[in-house]
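Observations on the three-dimensional arrangement
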Amino acid sequence: MVDIPIALSSPTLAWSVTGEAATLSGAISTPQNVGLLVDGQAYLYAVQAADTLSSITASLAILVSAVQPASAAGPVITIPDSHSIRGRVGGVATTLREVGRERVTVQIVVWAPSDAARNAVGSALEPGLRSLRRLPLVDLSIAMIRFGQIADNDETAKSAVYRRTLALDVEYASTVASTAAEILSFGEAVTVVAGIGGAHGA
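A short tour of the structure in this document, coming up. (Residues numbered from 1 in each chain as written. Predicted model: local features only at pLDDT ≥ 70, side-chain atom pairs only at ≥ 80, totals over all residues. Heavy atoms only, no water.)

Concerning the nonpolar core
W15, V34, L36, I56, L60, I77 and I79 are the most contacted members of the largest nonpolar core, which has 17 residues in total. Within the residue set of this core, elements represented by two or more residues are β2 (13–18), β3 (21–26), β4 (32–38), β5 (41–46) and α1 (53–65). What L36 contacts, discounting residues up to four positions off in sequence, is W15, A22, Q41, A42, Y43, L60, I77, I79, I85, R86 and G87. Core analysis: the next-biggest nonpolar cluster, separate from the first, contains eight residues, L129, A143, F147 and V170 among them. (Core = buried A, V, L, I, M, F, W, Y, C linked by side-chain atoms within 4.5 Å. Buried < 20%, exposed > 50% of the residue type's maximum accessible area, 1.4 Å probe, protein only. Helix = DSSP H or I, 4+ residues; strand = E, 2+ residues; numbered from the N terminus. Contact = heavy atoms within 4.5 Å.)

What to know about the pairing of β2
As paired elements, β2 and β3 share six bridges and run antiparallel to each other. In the strand pairing of β3, L13 is matched with G26. Between the antiparallel neighbours β2 and β3 lie two residues, among them G19 with a positive phi of about 60°. (Pairing = 2+ DSSP bridges.)

Considerations on the sheet that holds strand β7 (residues 76–78)
Strand-to-strand pairing in sheets goes through backbone hydrogen bonds, with the strands running parallel or antiparallel. Spatially, four strands are ordered β2-β3-β7-β6 in an open sheet, and the strand pairing comes out antiparallel. Two strands lie at the open edges of the sheet, namely β2 and β6 (71–73), each paired on one side alone. With direction set aside, neighbouring strand axes in the sheet form an average angle of 25°. Pairing geometry for β3 and β7, over three bridges, is antiparallel. (Axes fitted to C-alpha atoms, helices over the stretch in contact; angles between N-to-C directions.)

Points about helix α2 (residues 115–131)
Between the first and last C-alpha of α2 there are 24 Å, a value that for 17 residues agrees with the 24 Å anticipated at 1.5 Å per step. If you look at α2, its biggest bend is around 25°, right at L125, and the proline P127 turns up within four residues after that. (Expected span 1.5 Å × (residues − 1). Bend = angle between axes of the 7 residues up to and from the residue.)

Considering the side chain of T165
Structurally, T165 can be placed in strand β11 (residues 162–181). Residue contacts for T165: discarding those within four places in its chain leaves Q107, I108, V109, Q149, I150 and A151.

A look at the pattern of salt bridges
Summed over the entire model, instances satisfying the criterion amount to nine salt bridges. The closest approach of N and O atoms between R101 and E98, which form a salt bridge, is 3.0 Å. For E98, a relative accessible area of 24% corresponds to the partly exposed category. A salt bridge links R130 to E126; the shortest N-O distance between them is 2.7 Å. A residue pair is termed a helical-turn pair when its members lie 3 or 4 positions apart in one helix, as R130 and E126 do in helix α2 at four residues. Here the residues in one salt-bridge network are E98, R101, R103 and E171, joined through shared partners. (Salt bridge = Lys/Arg side-chain N within 4 Å of Asp/Glu carboxyl O.)

Here we look at the layout of surface pockets
By volume, the largest pocket is sized at about 160 Å³. Around the largest pocket, the lining residues are V2, I4, I6, L96, R97, E98, R101, L140, S141, I142, A173 and T175. Those elements giving two or more residues to the lining of the largest pocket turn out to be β1 (3–8), β8 (85–112) and β11. Looking at the lining of the largest pocket, the element that brings in the most residues is β8, giving four residues. Looking at side-chain class alone, the lining of the largest pocket contains seven nonpolar, two polar and three charged residues. (1 Å grid on protein atoms, 1.4 Å probe; cavity = no way out; pocket = protein on both sides within 12 Å on 5 of 7 lines; lining within 4 Å. Points joined across faces, edges and corners; volume = space filled by probe spheres on them. Nonpolar A, V, L, I, M, F, W, Y, C, P; charged D, E, K, R; others polar.)

What about the environment of G90?
Looking at where G90 falls in the secondary structure, it is placed in strand β8. According to the relative accessible area criterion, G90 is buried, its value standing at 0%. When the C-alpha positions of G90 and S9 are compared, they lie 8.5 Å apart, and in sequence the two are 81 residues distant. Beyond its immediate chain neighbours, meaning those up to four positions away, G90 contacts P11, Q32, N33, E182 and L184.

Points about unusual backbone geometry
For the bond running from T30 to P31, omega is 0°, close enough to zero to count as cis. Mapping P31 onto the fold places it in the loop between β3 and β4. Look at D39: it is not a glycine, yet its phi comes out positive at around 50°. Within the secondary structure, D39 sits in the loop between β4 and β5. Even without being a glycine, D81 presents a positive backbone phi close to 65°.

Function-wise, these values are silent; they only describe arrangement.
Next up, the structure:
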């Protein structure tokens, strides 16, 4: 089973990079991640609800300074002698993993004072139920529905009660929700293959 993304939070922060300084702007919201790619090295931070722009840049400055000099003042982080700075922001997705499937029968019961009234209500309900195929659930998964059968019960007719049961067969997934962050950095490896792009002898 694989994790299926069903929702993704949009980042509300943004970076502006000028020379050796990166400025963070925007509104604080969670969940989201911010990061810097400095001279090919990634530094990532998960935004907390109590954060400010200044606290985020201060936290990133601490991470960067473990490798090379860096300092933060307000929303600006400065990295002297850096050759390349790239700002990154990313949201966090909610994912669902199916761990099992369930099958149940759902009954819709009509109680009416006469056979005519029962037929009137039943004929209004039946076309919609027969055309129902997919039903969104609270966890954002989909239940598959098949119309089952119709059963009339006239045993209580002497009491002026007429019953009709419409049955639906429903199949749905048992799921586990989790989260997954957007990838903010990646590495590239280049392999040189002998004979490609080289000089050719006569």
